Every structure is written in C-alpha cells, then in structure tokens.
Amino acid sequence: MSHLRSEKHFTFSVVMPVYNKEEYLEEALESLERQTIGFEANIQVILINDGSADSSPEICESFAEKHPSNVIYVDQENRGVSAARNRGLECATGRYVSFFDADDIWDLTVFEKAAEFFAEHDGEIDVLAVRLVQFGDITAPHPLDYKYEKTCVVNLDEQPDYIQPMIGNCIFSSDSVKERRFDEELRYAEDTLFVNDILLEKRTCGILADAEYHYRKIRAANTASMRVKKERYDNNNSVYLSLYKISEDKYGSVASFIAYSALYELCWQIFVKCEDAFSESNCSVWHQTVSALLAEVSDVDICSAPWLTAAKRLCLLQLKHGDGFLKSIPWDASGKWIVDGACLFSLKKFPCIVLNSMRVRGDQLVVHGVTRVTFFDENASLRVRIGKTDRTSLDLIPFPPDDRVLITGETALRACRFSFSLPLRDVLEHTVSIVWERGEGQRIALPIRCTLYGGIPINKSYSAQDGVVIQRPKVSKIKVRKRSLKTHASSEYTLVKRICSSTELGFWDKARIVGLRVAAKLYQVFKRKPIWIFIDREYKAGDSAEALYDYARRQPSVRDADLNFLQKKTSADYRRLKSKGSVLRPGSLRFHVKFLSAQKVLSGHHDAMVTNPFGTQGRYFADMYLFDFYNLSHGTLQGDLSAQLNRHVRPIHRFFVSSEMERDALLDDSYGYSEEEVCLSGMCRYDVYDKEKTRKKIIFMPTWRASLAGAIIPGTRERELIPDFEESDYCRAYNALINDERLLSMMRDAGYTGEFYVHPNYEKQAACFHGNDVIKVSESSADYNRALSEGALLVTDYSGISFDFAYMRKPVLYYHFDNLFNGEHSYKENYFNYDDQGFGPVCCDQSEIVTAIGDFLEQGAEMAPLFRQRADEFFAFNDRSNCERVFDVIMSESR
C-alpha cells in the first residue's frame, strides 16, 4: 500500500524506515511534528514500512492522514533498511535530507538550526553531524561526544578523529545524496559506507553542538551487542577496505579520517565474544584484514584515540607490528615511551600493579594483586623493594580472568597474579615499591593502583590497621608507619580534605560521607564487642546466612560478639528475624556504622550490595573495609564463575563448598584461591531441610536467563520490569509445561499438587506465569526451605537448587528446552555435565519432560540407584552438621 502526494519542494526530507517500532514510533514522529522551523511547510516525512508485523503500519497511516500535504507513506514487503532508505530517496524533494531511525528522537530546534548552519556555510559541507546523545538503558556520553565541543566546520584532514561512522544524526545536502544509493547487499555498516563516501568528496563536516539527536539504547540490543557474528565483523571490515580503495582511487592514498574510522571499528572487535567459533582459516583471514586496516593507522593515532582503553591500544599496536613488539618498546627511566620527542605511552598512567588486598595479619603485611606489566613482557621479572633495597622476587602465576582476548578467541595480552608477605618490623617507616627489571640493568618502579578492597584507592589516602597506618604518598610507593594519634589524625584530615575538595560530589554527599566517617570512627572507640553481620538477600532471608545465624546464636563461644542480620523492614521475614535478635535495615545509619566497624560479614551472596553497600561512593570508605568476608555459597559451584568470584575481584576470606569438585575448581588459576582459603564444609542451608516433611508435591524451580533480566534498580538487588517478557521462549515454555493437560490429568489422578517458583531476578515478572487448580505459581517471597522439604520431585533446568534436592537424595528432572550457555549468562559451563553427572534424567522437550514426570508418578518418589550413586560420590558429607563445620572454621581464626 502507498500514499504518494504530488511533488512539492521542502527544506528538509526525512526518510524514516519503520520495522516493528510500535513502542517508540509515535514519540519519534512527535519530535518531527513539533519542530520549531514549522513542520508542514518545511519538513517532508517519508515513512517506509518495511514489512512490520506489529501496529507500526497503522501508526504510519494515521500520521500520513493527519498530515497529507507533507507526509508520504509507503508500504513494502520486508527487504531491509537499505532498500527502505533507497525507496525513500526516490520520493525525497527536500533541499536537505536526513535518515531518521524510528526509535530515536530529534531535539525540537534541530531543523531550524540546521537550516541556519547550511545557509551560513553554503557550499562548504555536504554533511552536518548533530550532537548524539544516548538515552534509554544506557545514558553514558557517546564515545565520540568530544567532537561536539563547538558548532563549526571541520577540516577532516586536520582533525581526522572527528569521524562519522553512523547516519542517524546526520543531515545531508540533497545534491550529495540524490545520485547515491545504499548497498542493499550489506547487512551491516551500509550507513558507514554511505556517509564516508560522501565525506570523501569535500573532506569537511559540519558540527552542530547546540542541538541533539537522541539515540535510543535498548536493553535487549545491548545484551546482544556483547556477542557479535562473523557476518557482522566481516561486513564492517569489508566496508572499510572499500573506503580505503575509494580514497586511494580518488586521491592516491587513504585519507587519515577514513583510517581513523577503521581504527574506531576495530576497537569494538578485539575484546568481544563471537557467536561463531573461529577455525584456523577464519583466524588467518581476520588477522590479514586487521593488518591491512591498521597499516594505514599511525602509532600516534592508536596511542591518542580518546575512545581506546590502554589495554586496547596495546593490543592494536601488537596486531599492527606483530608478536614481540610490546616487549621491544624502549622505556626511559620514568616509564615513558618516547617517539620523535613525543610520549606515546606512559606506565604511570597504566595500572601495571593492581593491589586487591593489603592487610595486616599478625606481624605480617599480606598483599595480593594482579600485574599487567606482563602485557609488555610475559616473562617480566618483578621484585619487591623496601626503601632502596630489593627484598624478594615475585612469583607470577597466570591469571586468565584478567587476560585480554581477541574476537577470534586467541589470548592477546596475558595477566598474572601474585601474593607476598613482609614482616611489619622490616617495613615500618619505609616505602614499599614493586620494580620491573628489564634487560641492560634497567629498573622501573611500577605505578600501583588499589581496588576498592585493596585498602587505599584514593591517592594520598590511608588505611589504619592493627597498630600501623598504610599510606600511598606516590603513585609507585606504599608507606607503612607506626600508628599514633598524630599519624592517624593527620591521615584522616588529608582524606577529609580531599573529599571536601572533590568536584564529583555535591555538598550534601560530602557532608554525609564525612559525617558517617566521623560517626563510625567514634563508634569504634567505644564499641566493646566484635561485630558480625549476616546477609542473605536484603529483602528475603531463609538461606545459608540465616541457618548459620541461628546456629551461632546458640553457641556460648560467641556471647561476646554482636550478631546482626540485615533485612528490609518491608520484608516478610523482618518480624521473625526481629524476634530472634538484632536486625539492621539497609541504608540506615545504624547499619552503615556497624558495617564500617564489622569484623566479619557472612553471606551466601557476593554482589556489591553485600560487600560494598555504598555503591560508587564506597571508595571514600574503602580504608574501613577491614572485615573478613565469609562466602557461605548461595548455590553449588556448578558453572564457571571465575569472572565474578576470583580471588582478585571479591574480598573473600574463606570460601565454603560442599564437594571436592568445587574445591578443585576454586584452586584453579582462574579463581586464584589457596588451599587454606577454600574450606570443604557443606552448605549451611542443607541443615534446615527436613526430608521427613515430604508431601505429594512437585516443585518447579527453574533458574533465570541473563538476557531476559531487567536492569538492576540502583541501590538494590531488585530488577526492573521487562516488557513483553511473557512472549519470550522461556516464559512460553514454562507456561506451556505447567498448563499441559496430560500432566495435570496425571497429577490429579495420583493426588499430587505442584508449585512453580519464580526466580528472584524475575520477581517483577511473576504475573506472566499462570497457574491452575493443580499447579500454583508462588512468587519469590515464598518459603523455599518449606517448599524443598515438602517437595517429592524437583523439576528444574540448570538451577543449582538441584544440588539441594540431591543432598536430601530426592529425585530430580532437568528440563533443557534451551541451552543456557548459548547467550550471555552470569556464569559459563564448567566441570559439571548434566548428562554424565546430573542427579536425574535430562529432557529436551515438553512431551519428554511430561512423560518423565508421569514415570515418576507411577514408580514412586525414590531416587533411582544410578542418580543416588552420583549424589553419594559428589557430596563430601551426608549429614546435618554443615553449620557446625562452617562455624568451627570461623571460630578457629583469631584476628
């Protein structure tokens, strides 16, 4: 269908491809309709519906009928965005043309200001770039925002970093586009080719800084962008090779701004995952293409590009020059790489040494950290220096979580971890530094950065611990001084002064931080008991922390300890916990003061809300994060969680596990724990389950999918509501299962009921799951201990809750209708194989899982011998003494 009007010339033609954008389309159209230049008189809108299956066509038709004089509506079968834009170009009669995405928004003054700009700079430019602002799920400044410092015309030969890789925020002169068409064979980067082919004509670009194009960043798209397809990078790279050829044919060389654009593209390829596996030939082709693109990019450009991280710069330099290049870089005594009188790279600005923990333990200063100087030399020799004397050589151990990996899966830059201890008597009143020994006797003192749990992340800050004050007077030095009132007070004064002078904080934030520090310091002077804080989820208890809390409260040996449980007052568990003892409310002054004064924090969870309740302001309290964190394990470590749980990301003092397999995994280089830090004890919550309470009940308890989870609401662990969640394959699969008539009939005949439990990360989606008279849907606030005790059969997918059922030697069924690991999830596959090690049959479709449940209903509630044997072999213990073992480990340690 097509609504075409008689030809009329406008100031602007806006070509707008539309494909399934009903949710955002009206907002986009309104931003055109309300333009201050005058909509109907000056703006022609060409809506190309590219085969939408939602209500977008109706919205477009309605808009065209509302504005018959200046809106054209074209309906076509789905042919892709390039074909839609080309069709729109055929209808465009405006003096200037833009290509507007249907989910974005223009500032209301854009077209008025654009007309003025083109009039003032008539003939100078073909392309005007409007400031691009991200909104939606991502609101951070766009990486290219630096080029919008002022409104002007840019000579791209003089400012090659003012690149333009996208089309949405561009407005073109009609003369530059009327004879051009988008390449309909390209699925990606077709707009990059179109824009830059035009820019190569005049090699100038207009910059409109005082108006904005609002570019919507949608959560689902952001998740997908974490992984790319070969087709995408092949497409993008081929576009830049084509632009190189166009430039060479036209000018005899590659224009510097085109090479800079290629560099921008490559920066998004080196540290990402690819959905497709790379063969040896794929790797070879990728490297050849990247070498060809980088051959036209100077080292200066690589080292100065503002959107490149230091690690990406190093990786691109190595890709350009080949293996061994980074090792050959000459450094001066201060760690600068100087070429032709210019410093291309400085070690002082690179986190060569990252300290993740620096604690006084008895008479030793114990330090754990990661080094990235191995990016330059994998066999780097590092020594610890006290004052001017070298004391010990560091043993560097490979640390894969900090490696930098190419899209091909190849490791480009390797990191290592290290640990060392120094006697306090040797370091008191001395500086400690870490020196890189290079060939020919060259020694470079490496810059040191402390993470949040390293003790002193702020320059010139400090940490007061057990009789000493640890300071960081210079970027490459740590100083240990004897603690005295004067030393402590002067260090605190310096820190408070820095907080008060911070430009990142408002007045009330500064007052709150300083006031809380003062309150906590005063409290520590008068407190008489060591403080323990137990945490499950702040809005729900009933997990391992509460199990251990109840056990600890019964033990005479902790009568001199101040035991506290964290829980929201609005939680259903609050009153019950309050009747037991001290309950701290998240965000309260009492909780914050006690947290900053705690000796022990005990939780099965490891997220930032547990170990850093102050969020981004945590660094202003980091010197007071001196608690020992005991990871009680929320679930069995069945997958690879090394990225989140390695020894250098979380401040885990002791990690409690239930099996030798978990213990072996944590002792791997990817995690970096020592044998002392990993304790084989069992999971505390196992003690609470009571198999004798088993009823004729089937429990349905699947885990979540990271790609379907809403964003975490700031300051909480709760997640936002996700629109259209009910239409996802995940929700459809479980609704179909729990409402399967064959299943319900069998359960009714056998006298069974069922309970479906929504994962806590989907709490706001609970209404999307529909129960019935046999299977009830329970929200995440349900009593899991009761549910698992009463359940006779567990139906799950990849959830660690299957280990809880197996610990009780109850039967389990796995429903693997999808592959959890095909998309981004919170962990990767690891040692546990469901087919060979699982505690029950694995079913892959609805019919199969229903049949398996039917077999269970006929044969009874016993775990099959094969699966019982697997459970016996997996778990180190088969009793209800897990809390006792965990508690004994904690009490055996004295600070």
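Figured I'd write up the structure that's included with this text. (Residues numbered from 1 in each chain as written. Predicted model: local features only at pLDDT ≥ 70, side-chain atom pairs only at ≥ 80, totals over all residues. Heavy atoms only, no water.)

Some words on the sheet that holds strand 29 (residues 531-535)
Here comes step 1: In spatial order, the strands read 31-30-29-32-33-34-35; together these seven strands make up an open sheet with parallel pairing. With one partner strand each, in any of the chains shown, strand 31 (582-584) and strand 35 (678-680) form the two edges of the open sheet. Adjacent strand axes in the sheet meet at a mean angle of 25° when their direction is disregarded.
Here comes step 2: Of the pairings in the sheet, the one linking strand 34 (residues 652-657) to strand 35 comprises three bridges and is parallel in character. Within strand 35, the position partnered with Phe 656 by the bridge is Cys 679.
Here comes step 3: Relative to strand 30 (residues 562-566), helix 18 (residues 544-553) is tilted by about 155°, and along the sheet it contacts strand 29, strand 30, strand 31 and strand 32 (600-603).
Here comes step 4: Together, strand 29, strand 30, strand 31 and strand 32 form the strand contacts of helix 20 (residues 589-596), whose direction differs from that of strand 31 by roughly 100°. (Pairing = 2+ DSSP bridges. Helix = DSSP H or I, 4+ residues; strand = E, 2+ residues; numbered from the N terminus. Axes fitted to C-alpha atoms, helices over the stretch in contact; angles between N-to-C directions. Contact = heavy atoms within 4.5 Å.)

Some points on the environment of Cys 768
Here comes step 1: Along the chain, the position of Cys 768 falls in the loop between strand 37 (753-757) and strand 38 (775-778).
Here comes step 2: For Cys 768, a relative accessible area of 14% translates into the label buried.
Here comes step 3: Residues Cys 768 and Asn 735, spaced 33 residues apart in sequence, show a C-alpha to C-alpha distance of 8.6 Å.
Here comes step 4: Those residues in contact with Cys 768 that lie beyond four places of it in its chain are Phe 725, Glu 726, Cys 731 and Asn 735. (Buried < 20%, exposed > 50% of the residue type's maximum accessible area, 1.4 Å probe, protein only.)

Observations concerning helix 18
Here comes step 1: Judged by how many residues are buried, helix 18 sits mostly within the fold: eight of ten residues are covered.
Here comes step 2: Turning to helix 18, its buried residues number three or more, namely Ser 544, Ala 545, Glu 546, Ala 547, Leu 548, Tyr 549, Tyr 551 and Ala 552.
Here comes step 3: Contacts made by the buried residues of helix 18 are with strand 29, strand 30, helix 19 (574-580), strand 31, strand 32 and helix 31 (882-892).

Some remarks on a positive patch on the surface
Here comes step 1: Together, Lys 569, Arg 575, Lys 578, Arg 585 and Arg 590 line one region of the surface with positive charge.
Here comes step 2: For Lys 578, the position within the fold is in helix 19.
Here comes step 3: For Lys 578, a relative accessible area of 46% gives the class partly exposed. (Patch = residues over 30% accessible without salt bridge, like charges linked within 9 Å, V, L, I, M, F, W, Y side chains within 5 Å. Areas by Shrake-Rupley, 256 points an atom, 1.4 Å probe, with all protein chains shown as cover. Salt bridge = Lys/Arg side-chain N within 4 Å of Asp/Glu carboxyl O. Lys, Arg positive; Asp, Glu negative; His and termini not counted. Charge placed at Lys NZ, Arg CZ, Asp CG, Glu CD.)

As for the sheet that holds strand 19 (residues 397-398)
Here comes step 1: As summarised here, the arrangement of the five strands in space is 19-22-16-15-25, forming an open sheet in which the pairing is mixed. Here the strands that pair on one side only, and so sit at the sheet edges, are strand 19 and strand 25 (448-450).

Some details on the pattern of salt bridges
Here comes step 1: Within this structure, the stated rule accounts for 58 salt bridges.
Here comes step 2: Of the charged contacts, one joins Asp 426 and Arg 391 as a salt bridge, the two residues approaching to 3.0 Å between their closest N and O atoms. Taken together, the residues span a long stretch of sequence, with Asp 426 in helix 15 (residues 424-427) and Arg 391 in strand 18 (residues 389-393) at a distance of 35 residues.
Here comes step 3: Between Glu 492 and Arg 517 there is a salt bridge, with the nearest N and O atoms lying 2.7 Å from each other. Here the residue Glu 492 occupies a position in helix 16 (residues 485-500), and Arg 517 occupies one in helix 17 (residues 507-526), the gap between them amounting to 25 residues.
Here comes step 4: The exposure class of Glu 492 is buried, given its relative accessible area of 15%.
Here comes step 5: Each of Arg 383, Arg 385, Asp 390, Glu 437 and Arg 443 takes part in a single network of salt bridges with overlapping partners.

Description of the packing of aromatic side chains
Here comes step 1: A full pass over the atoms with the stated rule returns 70 aromatic pairs.
Here comes step 2: Relative to Tyr 815, the ring of Tyr 734 lies with its centre 5.8 Å away and its plane at 90°, an arrangement referred to as edge-to-face. Highlighted residues: Tyr 734 in helix 24 (residues 729-738) and Tyr 815 in strand 40 (residues 812-815), separated in sequence by 81 residues. We note that Tyr 734, like Tyr 815, is buried.
Here comes step 3: Each member of the aromatic cluster is reached from another via a ring pair, and the members are Tyr 686, Tyr 689, Tyr 798, Phe 803, Tyr 807, Tyr 814, Phe 832, Tyr 834, Phe 839, Phe 874 and Phe 875. (Phe/Tyr/Trp six-rings, centres within 6.5 Å; stacked < 30°, edge-to-face > 60°.)

Digging into unusual backbone geometry
Of all residues except glycine, most have a negative phi; of all peptide bonds, most are trans.
Here comes step 1: A positive phi is found at Ser 633, a non-glycine position, where the angle reads about 70°.
Here comes step 2: With respect to the helices, strands and loops of the structure, Ser 633 is situated in the loop between strand 33 (628-631) and helix 22 (642-645).
Here comes step 3: Not every positive phi belongs to a glycine, and Arg 809 is a case in point at roughly 60°.
Here comes step 4: Here Arg 809 lies in the loop between helix 27 (801-807) and strand 40.
Here comes step 5: Of the residues examined, Arg 809 reaches a relative accessible area of 5% and is grouped as buried.

Structural notes on the pairing of strand 4 (residues 71-76)
Here comes step 1: Taken across its six residues, strand 4 has five buried, putting it largely inside the fold.
Here comes step 2: Bridge count between strand 3 (residues 43-50) and strand 4: six bridges; the pairing is parallel. Paired with Asp 50 across the bridge in strand 4 is Gln 76.
Here comes step 3: This β-α-β element, strand 3 to helix 3 (residues 56-66) to strand 4, shows right-handed connectivity. (Right-handed = clockwise from strand over helix to strand, strands pointing away.)

What to know about a negative patch on the surface
Here comes step 1: On the surface, Glu 112, Glu 116, Glu 120 and Glu 124 cluster together into a patch of negative charge.
Here comes step 2: If you trace the backbone, Glu 116 turns up in helix 5 (residues 110-120).

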